[in-house]
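For reference, the chains in residue letters:
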Amino acid sequence: MPSYVIAGVARGIGYEFLRQISSDPNNTVIGTVRNKAETSKKVSEDADLKDRSNIHLLEAELTNYEALKRAAEDTAKITGGSLDYLVASAAYVSQFDAYDSIGVLGTNKPQELEDDLKKAFDINVVAVIHLYNLFMPLILKGQAKKVVAISTGMADAELVNKYEVGMGPLYAISKTALNMVVAKFNAQYKKDGVLFLGISPGVVDTGNFANATEDQLKSMGGMMQKFVEYAPHFAGPITPEESVRAVRSVWEKATVQENGGDFISHYGTKQWL
Ligand SMILES: NC(=O)c1ccc[n+]([C@@H]2O[C@H](COP(=O)([O-])OP(=O)(O)OC[C@H]3O[C@@H](n4cnc5c(N)ncnc54)[C@H](OP(=O)(O)O)[C@@H]3O)[C@@H](O)[C@H]2O)c1
């Protein structure tokens, strides 16, 4: 009976993890959300999910250490004290920096830049460190021992340099730090057989750009052109369904010895698109 904790299942890629993994009744899937009542309602109205008794929702704001601690305690009660897979999917995907370069933001909005970067660090980096530490006793007692962080190809400095990807600087900085979190946990726990892995899900349509203005869409178009230059096969964002299937297959194939601490894509390589 493999057990999973997925942090951030209220929507987007996280919700798709919940959907796919719970489709096997042998899996126990525990999803953390910020508003349990809201997500319980969403699940109860979802024709596929509503009758799945292997879904458990726990309420936890990721930046609230006590809430995360409670989530770990409640998980232990559900699983009997162990955990096979832990996936940090929740993230602060900033709209503030989504369409601008670092110099533009820093010149026009220095205080907002500072606030947004700190927020990104709190959620995308510090909260993941606490999440991992609080769930480690359970993971060490699990069978699979796989801990995954959903990262992004935007945090690959080589890609940023080669294609001059200026957009999303603060988000990318926080995810680069997240990749080092993965490496540092690997450095500590590889000897215990725990796989820590950062996986980029590709460019996925989760509605994050639905409210973009015309100017913002223009910047977005420029970036999409760079994406096509980088990956001529790129035909636009993939669906959460495709992305999650690919990401799960990557973590299933990955081993501690070969991939411990890595940052790879949904293809299992350094090809991000
Ligand atoms: N979509 C893409 O193209 C793409 C590309 C590369 C990487 N990623 C990564 O993939 C993951 C999922 O992305 P997505 O597109 O599905 O994002 P999304 O639709 O913006 O969903 C983000 C999720 O994170 C949760 N969350 C945000 N801040 C939180 C906090 N402080 N505490 C607890 N939960 C919090 C949100 O909860 P609420 O519903 O309560 O706000 C939501 O469930 C993220 O790590 C993202 O960086 C996405």
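Values in this document were obtained by computation on a predicted structure and should not be read as measured data.

## Some details on the layout of surface pockets
Part 1 of the reasoning: Empty space within the second largest pocket amounts to approximately 160 Å³.
Part 2 of the reasoning: If you trace the second largest pocket, you find 13 residues lining it, with Met154, Val160, Pro169, Ala172 and Ile173 closest to the centre.
Part 3 of the reasoning: Those elements that place two or more of their residues in the lining of the second largest pocket are helix 6 (157-163) and helix 7 (169-189).
Part 4 of the reasoning: Per element, the largest residue contribution to the lining of the second largest pocket is four residues, and it comes from helix 7.
Part 5 of the reasoning: Considered class by class, the residues forming the lining of the second largest pocket number nine nonpolar, three polar and one charged.

## Regarding helix 3 (residues 65-79)
Part 1 of the reasoning: Compared with the 21 Å implied by 1.5 Å per residue over 15 residues, the 21 Å span of helix 3 between its first and last C-alpha is a close match.
Part 2 of the reasoning: Near the N-terminus of helix 3, the side chain that reaches the backbone nitrogen of Glu66, with its oxygen 3.1 Å away, is that of Asn64.
Part 3 of the reasoning: Two residues or fewer past helix 3, Gly80 is found with a positive phi of approximately 90°.

## Structural notes on the side chain of Ser265
Part 1 of the reasoning: If you trace the backbone, Ser265 turns up in strand 7 (residues 263-265).
Part 2 of the reasoning: Within the structure, the side chain of Ser265 is placed 2.7 Å from the backbone oxygen of Gln271, a separation counted as a polar contact.
Part 3 of the reasoning: Other than its neighbours up to four places away in sequence, Ser265 contacts Ile199, Ser200, Val250, Gln271 and Trp272.

## Re unusual backbone geometry
Part 1 of the reasoning: Positive phi, normally seen in glycine, also occurs at Lys145, with a value near 55°.
Part 2 of the reasoning: With respect to the helices and strands, Lys145 occurs in the loop between helix 5 (110-140) and strand 5 (146-150).
Part 3 of the reasoning: On the basis of relative accessibility, which here comes to 18%, the residue Lys145 falls in the buried class.
Part 4 of the reasoning: The residue Glu164 is not glycine, and still its phi comes out positive at about 50°.
Part 5 of the reasoning: Assignment of secondary structure puts Glu164 in the loop between helix 6 and helix 7.
Part 6 of the reasoning: On the basis of relative accessibility, which here comes to 61%, the residue Glu164 falls in the exposed class.

## A word on helix 1 (residues 12-22)
Part 1 of the reasoning: Here helix 1 lies mainly inside the structure; nine of its eleven residues are buried.
Part 2 of the reasoning: Within the sequence span of helix 1, burial applies to Ile13, Gly14, Tyr15, Glu16, Phe17, Leu18, Gln20, Ile21 and Ser22.

## Some words on the pattern of salt bridges
Part 1 of the reasoning: The tally for this structure, following the rule as stated, stands at ten salt bridges.
Part 2 of the reasoning: Close ionic contact of Asp46 with Arg19 constitutes a salt bridge, the shortest N to O distance being 3.1 Å. Taken as a pair, Asp46 in the loop between helix 2 (36-44) and strand 3 (55-59) and Arg19 in helix 1 lie far apart in primary sequence, 27 residues in all.
Part 3 of the reasoning: Asp51 serves as the salt-bridge partner of Lys50, at 4.0 Å between the closest nitrogen and oxygen.
Part 4 of the reasoning: Three or more residues are tied together by salt bridges with common partners; here these are Glu16, Arg19, Asp46 and Asp48.

## Some thoughts on the packing of helix 1 against helix 9 (residues 240-253)
Part 1 of the reasoning: Packing of helix 1 against helix 9 brings their axes to within 9 Å, and their N-to-C directions diverge by 70°. Considered as vectors, helix 1 and helix 9 are oriented roughly perpendicular to each other. With respect to the hand of their crossing, helix 1 and helix 9 are arranged in right-handed fashion. Two secondary-structure elements touch here, helix 1 through Ile13, Glu16, Phe17, Gln20 and Ile21 and helix 9 through Pro240, Glu241, Val244, Arg245, Val247, Arg248 and Trp251.
Part 2 of the reasoning: Here the residues of the contact of helix 1 with helix 9 are counted per class, giving seven nonpolar, one polar and four charged.

So, how was this worked out
Each chain carries its own residue numbering, running from 1 in the direction its sequence is written. Given that this is a predicted model, residues contribute local features only at a pLDDT of at least 70 and side-chain atom pairs are listed and counted only at 80 or more, while totals for whole chains, interfaces and linings are drawn from all residues. Side-chain numbers here rest on the full set of heavy atoms in the structure, without hydrogens or water. Points on a 1 Å grid, built from protein atoms alone, make a cavity when a 1.4 Å probe fits but cannot get out and make a pocket when they are open with protein on both sides within 12 Å along at least 5 of 7 lines; residues with an atom within 4 Å of a point are the lining residues. Grid points are joined across faces, edges and corners, and a volume is the space filled by probe spheres set on the points. Secondary structure follows DSSP: runs of H or I at least 4 residues long count as helices, runs of E at least 2 residues long count as strands, and numbering of each begins at the N terminus. Here the nonpolar group is Ala, Val, Leu, Ile, Met, Phe, Trp, Tyr, Cys and Pro; Asp, Glu, Lys and Arg are the charged ones; every other residue, Gly included, is treated as polar. Each residue after the first adds 1.5 Å to the expected span of a helix. Any N or O atom pair separated by 3.5 Å or less is treated as a polar contact, with the protein-specific requirement of one donor-capable and one acceptor-capable atom, and with residues adjacent in sequence counted only for side-chain atom pairs. The contact rule is simple, with two residues in contact once any of their heavy atoms fall within 4.5 Å. With a 1.4 Å probe rolled over the protein chains alone, any residue whose accessible area is under 20% of its type maximum counts as buried; one over 50% counts as exposed, and the rest are partly exposed. Salt-bridge detection follows one rule: a side-chain nitrogen of Lys or Arg within 4 Å of a carboxyl oxygen of Asp or Glu. Note on geometry: axes are lines fitted to C-alpha atoms, helical ones only across the stretch in contact, with angles between N-to-C directions running from 0 to 180 degrees. For classification, angles of less than 35 degrees are called roughly parallel, those exceeding 145 degrees roughly antiparallel, those between 65 and 115 degrees roughly perpendicular, and all remaining angles oblique. By convention the crossing between two helices is left-handed if the near helix lies anticlockwise of the far one by an angle smaller than a right angle, and right-handed if it lies clockwise.

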